Amino acid sequence: MPLATAVWNVSDRMPSAPPQAVASERALDRFLRGIERRALRIAELSTRHREDALELVQDAMLAFARSYADKPEDEWTPLFHRVLDSRILDFHRRSTVRRRWRVWFGRSGDEGEEDPLEQVADPHDPGPMLRMADGQTRAALDAALRALPLRQRQTFLLRLWEGLDVAQTAAAMGCSEGSVKTHLSRALAALRPRLEDLR
Amino acid sequence: MTTHEHTPAAGEPAASDARWTDAARRMLDEAADDLDAATLSQLNRARQAALAASRTRRAPAWAWPALFAAAASCALAVLVWPVAQAPLETTPPGMIVAGDLELLAADAELALYEDLEFYAWLDTQQSADG
């Protein structure tokens, strides 16, 4: 049988993949579909830009599918967040370097970039009550979360929103369980005065 | 040891934080549910790309014959290609013409090479006479 014919016959059979492969792909699809929106919001709270966040989530999905899709499903959530968290960290490192270069070359943030001062929490912030009265509750929550240091924000979101336990959060963030507890304690302490009237 | 009212035990938020942390969680859920259509479309494309990547990464058992056939074809092509291209690697036409001209211009030297045996014999005769 000519080689080309043999290849054609084999490729003809390809669509009939084993049920196990189809099932695992469906499981992966279900998992990604379930986590993608929260992943985007987590990335967006760190990057402040939707497009940057989308890029990070896309990268994380690709890397996760390539490297961890064959792991047991109950390990997928912390593993996915491990991948996403490392991309968020990389993004922050690159942003820090870019900011440093801009300062060295005397360029200010007047080219569509955000003012670095906006990233610092305002100690005289009127608090959530006033802004909630204006119907901006979600914006107030976002602002409070963005004002947190990266690791505290990640801990808060992974522990209290994603529902990971301490060990899973530590695995996702690549740090010790003690660090997770410390980060969460500090995040709660920082958020409490701004959000405790949230209902 | 006294414990502050808000200090979480073993990494857990204190009970007094439950109300606002629950509200925060609910609002985060709402924000995630309210994503616009363009963003959802981009997420969908990203998910499809990830699924395609997982498909190619796995290379399941039923794909191995096809991969083997493709690899064999490539190997065959690599082996056959240099042989098929061999004539192209001979001396370029310009060089051939130049070499021929050099030979044609050296007619006298060619005659010398043809009579070399005679000159060798002559030399031995002269040595014997001498």
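Residues numbered from 1 in each chain as written. Chains lettered and ligands numbered in written order. Predicted model: local features only at pLDDT ≥ 70, side-chain atom pairs only at ≥ 80, totals over all residues. Heavy atoms only, no water.

Draft legend 1. Molecular detail of the overall build of chain A. Looking only at helices and strands, chain A features 9 helices and 0 strands. Reading the secondary structure of chain A in the N-to-C direction produces α-α-α-α-α-α-α-α-α. Burial status across chain A gives 41% buried among its 199 residues. The contacts in chain A between residues at least 6 apart in sequence include a share of 67% that link residues at least 24 apart. Surface summary for chain A: the accessible area is close to 10,700 Å², and the carbon and sulfur share equals 51%. (Helix = DSSP H or I, 4+ residues; strand = E, 2+ residues; numbered from the N terminus. Buried < 20%, exposed > 50% of the residue type's maximum accessible area, 1.4 Å probe, protein only. Contact = heavy atoms within 4.5 Å. Areas by Shrake-Rupley, 256 points an atom, 1.4 Å probe, with all protein chains shown as cover.)

Draft legend 2. Structural context of the nonpolar core. Phe80, Leu145 and Phe156 of chain A are the most contacted members of the largest nonpolar core, which totals 57 residues. Excluding its chain neighbours within four sequence positions, the residues that come into contact with Phe156 of chain A are Leu145, Trp161, Leu184, Ala187, Leu188 and Leu191 of chain A together with Trp20 and Thr21 of chain B. (Core = buried A, V, L, I, M, F, W, Y, C linked by side-chain atoms within 4.5 Å.)

Draft legend 3. Molecular detail of the interface of chain A and chain B. Opposite the 51 residues of chain A that make contact, chain B presents 44 residues. Summing both sides of the interface, chain A and chain B together bury roughly 4,500 Å²; the carbon and sulfur share of this comes to 65%. The closest approach of N and O atoms between Arg138 of chain A and Glu30 of chain B, which form a salt bridge, is 4.0 Å. Summed over the shared surface of chain A and chain B, the number is 11 residue pairs in polar contact (both at pLDDT 80 or more). Listing elements by their share of the side of chain A that touches chain B, those giving two or more residues are helix H1 (3-13), helix H2 (19-47), helix H3 (50-67), helix H6 (137-146), helix H7 (150-161) and helix H9 (177-195) of chain A. When residues in the side of chain A that touches chain B are grouped by element, the largest group, 13 residues, is from H2 of chain A. Class assignment for the residues of the side of chain A that touches chain B results in 29 nonpolar, 5 polar and 17 charged. (Buried area = accessible area lost by both parts, 1.4 Å probe. Salt bridge = Lys/Arg side-chain N within 4 Å of Asp/Glu carboxyl O. Polar contact = N/O pair within 3.5 Å; in protein donor to acceptor, adjacent residues only side chain to side chain. Nonpolar A, V, L, I, M, F, W, Y, C, P; charged D, E, K, R; others polar.)

Draft legend 4. Summary view of the environment of Leu56 of chain A. Residue and element names in this part refer to chain A. Inspection of the secondary structure puts Leu56 in helix H3. Sequence separation between Leu56 and Glu44 is 12 residues, and the spatial gap between their C-alpha atoms is 9.2 Å. If sequence neighbours within four positions are ignored, Leu56 has contacts with Ala43, Thr47, Leu84, Arg87, Ile88 and Phe91.

Draft legend 5. Just the packing of H2 of chain A against helix H4 (residues 76-104) of chain A, in detail. Residues and elements named next belong to chain A. Relative to each other, H2 and H4 sit at 35°, their axes nearing to 10 Å. Crossing of H2 against H4: the hand is right-handed. The residues of H4 that touch H2, namely those facing Ser24, Ala27, Leu28, Phe31, Leu32, Ile35, Ala39, Ile42, Ala43, Ser46 and Thr47, are Trp76, Thr77, Phe80, His81, Leu84, Ile88, Phe91 and His92. Here the residues of the contact of H2 with H4 are counted per class, giving 13 nonpolar, 6 polar and no charged. (Axes fitted to C-alpha atoms, helices over the stretch in contact; angles between N-to-C directions. Left-handed = near helix turned anticlockwise from the far one by under 90°.)

Draft legend 6. Representation of the pattern of salt bridges. Tallied over the entire structure, the rule returns 16 salt bridges over all chains. In this structure, the salt-bridge partner of Arg50 of chain A is Glu44 of chain A, at a minimum N-O distance of 2.9 Å. With relative accessibility at 26%, the residue Arg50 of chain A sits in the partly exposed group. The class for Glu44 of chain A is buried, based on a relative accessible area of 9%. Across the pair Arg25 of chain B and Asp22 of chain B runs a salt bridge, and its minimum N-O distance is 2.8 Å.

Draft legend 7. Quick peek at the packing of H7 of chain A against H9 of chain A. Residue and element names in this part refer to chain A. The N-to-C vectors of H7 and H9 enclose an angle of 95°; their axes lie 8 Å apart at closest approach. By the angle class used here, H7 and H9 are roughly perpendicular. Along its contact with H7, which presents Arg151, Gln152, Thr155, Phe156, Arg159 and Leu160, the element H9 presents Val180, His183, Leu184, Arg186, Ala187, Leu188 and Leu191. Taken together, the residues that form the contact of H7 with H9 break down as 7 nonpolar, 3 polar and 3 charged. (Parallel < 35°, antiparallel > 145°, perpendicular 65-115°, else oblique.)

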